[in-house]
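# Chain and residue survey
Below, each chain spelled out in residue letters.
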Amino acid sequence: MDLAFAKGIKIKAFPILARAVQTELSHEVPFQAALSVGKKRFRRAVDRNRIKRLMREAWRVEKTALAKNWKPDAPQWAVVFIFVGNEIPSFSDCQHLIQRATKRLEMEMAAEK
RNA sequence: AAGCUCGGUUGACUCUGCCGCCUCACUUGUGGGGAGGAAAGUCCGGACAACAUAGGGAGCCACACUUUUUGAAAGGAAAGGCGCGUUCAACGGAACGUGACAGACAGUGCCACAGAGAUUUAAACCGCCGAUGGCCUUCGGGCACAGGCAAGGCUGAAAAGGUGAGGUAAGAGCUCACCAGCGCAAGGGUGACCUUGCGGCUUGGGCAAACCUUGUGGGUUGCAAGACCAUGUAAACUGGCGUUCGAAGGCGUCCCGCUUGAGUCAGAGGGUAGGUCGCGUCAGAUCAAUGGCAGAGCCCUUCGGGGAACAGAAUCCGGCUUACACCGUGUUUUGAA
RNA sequence: GACCUGGUAGCUCAGCUGGUUAGAGCAUCUCACUUUUAAUGAGAGGGUCCUGGGUUCGAGUCCCAGCCGGGUCA
């Protein structure tokens, strides 16, 4: 995670900010993703959990497109999603945002090759 | 309709299908379980763990009407007593509400400002009187000098019992009656307390959410407790104290006692900062799982839609407090008929 | 998770054992000085003492509950 913040590429899809880096992961998987919602913006744990669950679900749906051509010895990616908005989004909004982010990520991965 | 009071709630969507998460069981696919009444605040009390091991005292902290009851404790419930407030009554009291409600006759302390006087012989500013003594006198009295007085005014949160009568120069518990308060006795009540009688009245009060006293209870620290495994380093350096005349530790503080007994404390510096258990719980995480989509039903709608409010378990229980929705009881206010 | 600590003027802080009118420095405003500004001097304004109850004659201070910050412990 520190590596992702230090060297990762920035992907903006306001109000979602993503950082991604190509690195060796501990398991044979294409991605490891982390989700973050700031405590300063959302004081109540209920709201933070809600946003993280929506982002998690959107990522689950969208990552399949990225992962379908992945082979066990291909490069692995660590991704961190940070929510920086001030209001709780609906699921459809959240899905569109993650979709934009994953498309950018796909381009970056192609460029990396 | 709104507010208040008390009580209740698996306390909010339901069903079907598909995809997905945590965990357990059998085994590769099924099946079981998967947030709250407050999970919150962390305000109390425990379980549990550590402090090698007995103990005593001081200190510290918490609580405080009585009886019964529930509970491991904290806390709760019922009934009663006393105080205060409101209303009704009309001097017998009654109803409702409310109270962190032991002690101010154990001691210490404080009561600013104002005011003449504020706490142990209280106080003479405006006043009242001036009987007694003094001065003057037309012998009727006058003066207000010595002095007497706490009844009235004033100040204040509070002014040394209250009301009435007698008494007096004027006054005063000075005397008496009743009332309040205090002490003693008797009786009633399990008890808090109440009733009656007697006594003297040199008998002021308030503040213990001031120190404190009395009674009761409490060893301290907390799961980041603690146990184990792994990784790594510096058994080095500087200074203090000390090895039987005893350092330092043994429960946060002090004293005594007991006990271990050669290291220990501080500084600067070097290193690690991962895991397992604790935490077994028909949720069980080491950074934390409960979600999404589609359809039908139901409800709300500002016809776009929406499915609430307060709010998310982190060792576990029992309370307290605070936040909030719905339902019901009682009550108050306002509006309409 | 557990345990400490704080909240006072626009900012940083005092305010002792409850008492008379809540102060200090900086900042702001006005005036003076100066050609002007700064500095300096004089003066003025500015406070829900975090909020709500309670104790008391009287609360920034004492007690209870809440809100919002800061810190410590593996």
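To keep things clear, this report deals only with the structure shown in the data block. (Residues numbered from 1 in each chain as written. Chains lettered and ligands numbered in written order. Predicted model: local features only at pLDDT ≥ 70, side-chain atom pairs only at ≥ 80, totals over all residues. Heavy atoms only, no water.)

## Here's the deal with the environment of Ala 78
The criterion, for reference: Only DSSP runs of H or I reaching four residues or more are called helices, and only runs of E reaching two or more are called strands; each is numbered from the N terminus.
Here Ala 78 is to be found in strand β4 (residues 77-83). Along the chain, Ala 78 and Gln 32 lie 46 residues apart, while their C-alpha atoms are 5.0 Å from each other.

## Describing the pairing of strand β2 (residues 16-22)
Two faces make up the sheet, and in a regular strand the side chains alternate between them. Let me state the cut-off plainly: Buried means the residue's accessible area, taken with a 1.4 Å probe over protein chains only, is under 20% of the maximum for its type, while exposed means over 50%, and partly exposed covers the values in between. Pairing between two strands requires that DSSP report at least two bridges joining them.
A large share of β2 lies buried, amounting to five of its seven residues. Relative to β2, strand β1 (residues 9-13) runs antiparallel, the two sharing five bridges. Counterpart to Ile 9 in the pairing with β2 is Ala 20. A loop of two residues connects β1 with β2, the two strands running antiparallel in sequence. Looking at chain direction, β2 and β4 are connected through seven bridges and run antiparallel. Bridging from a neighbouring strand, Arg 19 pairs with Val 80 of β4.

## Here we look at the environment of Pro 15
For clarity, the threshold we go by: For this analysis, residues touch if any pair of their heavy atoms sits within 4.5 Å.
Along the chain, the position of Pro 15 falls in the loop between β1 and β2. Note on Pro 15: relative accessible area 17%, which makes it buried. Each C-alpha atom of the pair Pro 15 and Pro 89 lies 9.3 Å from the other, and the pair is 74 residues apart in sequence. Excluding residues that lie within four positions of it along the chain, Pro 15 makes contacts with Ile 82, Phe 83, Val 84, Gly 85 and Leu 97.

## A short note on the sheet that holds strand β3 (residues 31-37)
Where we set the bar: Comment: axis = line fitted to C-alpha atoms, over the contacting stretch for helices; angle = value between 0 and 180 degrees taken between N-to-C directions.
The four strands are arranged β1-β2-β4-β3 in an open sheet whose pairing can be described as mixed. Edge positions in the sheet fall to β1 and β3, since each of these pairs with one other strand and no more. Neighbour-to-neighbour, the strand axes of this sheet turn through a mean angle of 20 degrees, independent of strand direction. Bridge count between β3 and β4: seven bridges; the pairing is parallel. Residue pairing across strands places Ala 33 opposite Val 79, the latter belonging to β4. Lying on the sheet, helix α3 (residues 91-112) is in contact with β1, β2, β3 and β4; it crosses β1 at an angle near 150 degrees.

## A closer look at the nonpolar core
Basically, it comes down to this: Grouping buried Ala, Val, Leu, Ile, Met, Phe, Trp, Tyr and Cys residues that are joined through side-chain atoms within 4.5 Å yields what is termed a nonpolar core.
With 24 residues, the main nonpolar core has Ile 16, Phe 31, Met 55, Phe 81, Phe 83 and Leu 105 as its most contacted residues. For this core, the secondary-structure elements that each account for two or more residues are β1, β2, β3, α2 (45-67), β4 and α3.

## Remarks on the protein's contact with RNA strand B
Heads up, the rule is: Any residue with a heavy atom lying within 4 Å of a molecule or strand is counted as near it. We call two N or O atoms a polar contact when they sit within 3.5 Å, provided that within protein one can donate a hydrogen and the other can accept it, with sequence-adjacent residues counted only if both atoms are side-chain atoms.
Within the structure, RNA strand B sits among Arg 44, Ala 45, Val 46, Asn 49, Arg 50, Arg 53, Leu 54, Arg 56, Glu 57, Arg 60 and Phe 91. Taking all atoms of RNA strand B within 4 Å of the protein, the share assigned to sugar and phosphate is 62%. One of the side-chain nitrogen or oxygen atoms of Asn 49 is found 3.2 Å away from a base nitrogen of RNA strand B. In the environment of RNA strand B, a base nitrogen lies 3.3 Å from a nitrogen or oxygen atom belonging to the side chain of Glu 57. Examining the composition of the surface near RNA strand B, we find that nine residues originate from one element, α2, more than from any other.

These results come straight from atomic positions and should not be treated as a statement about function.
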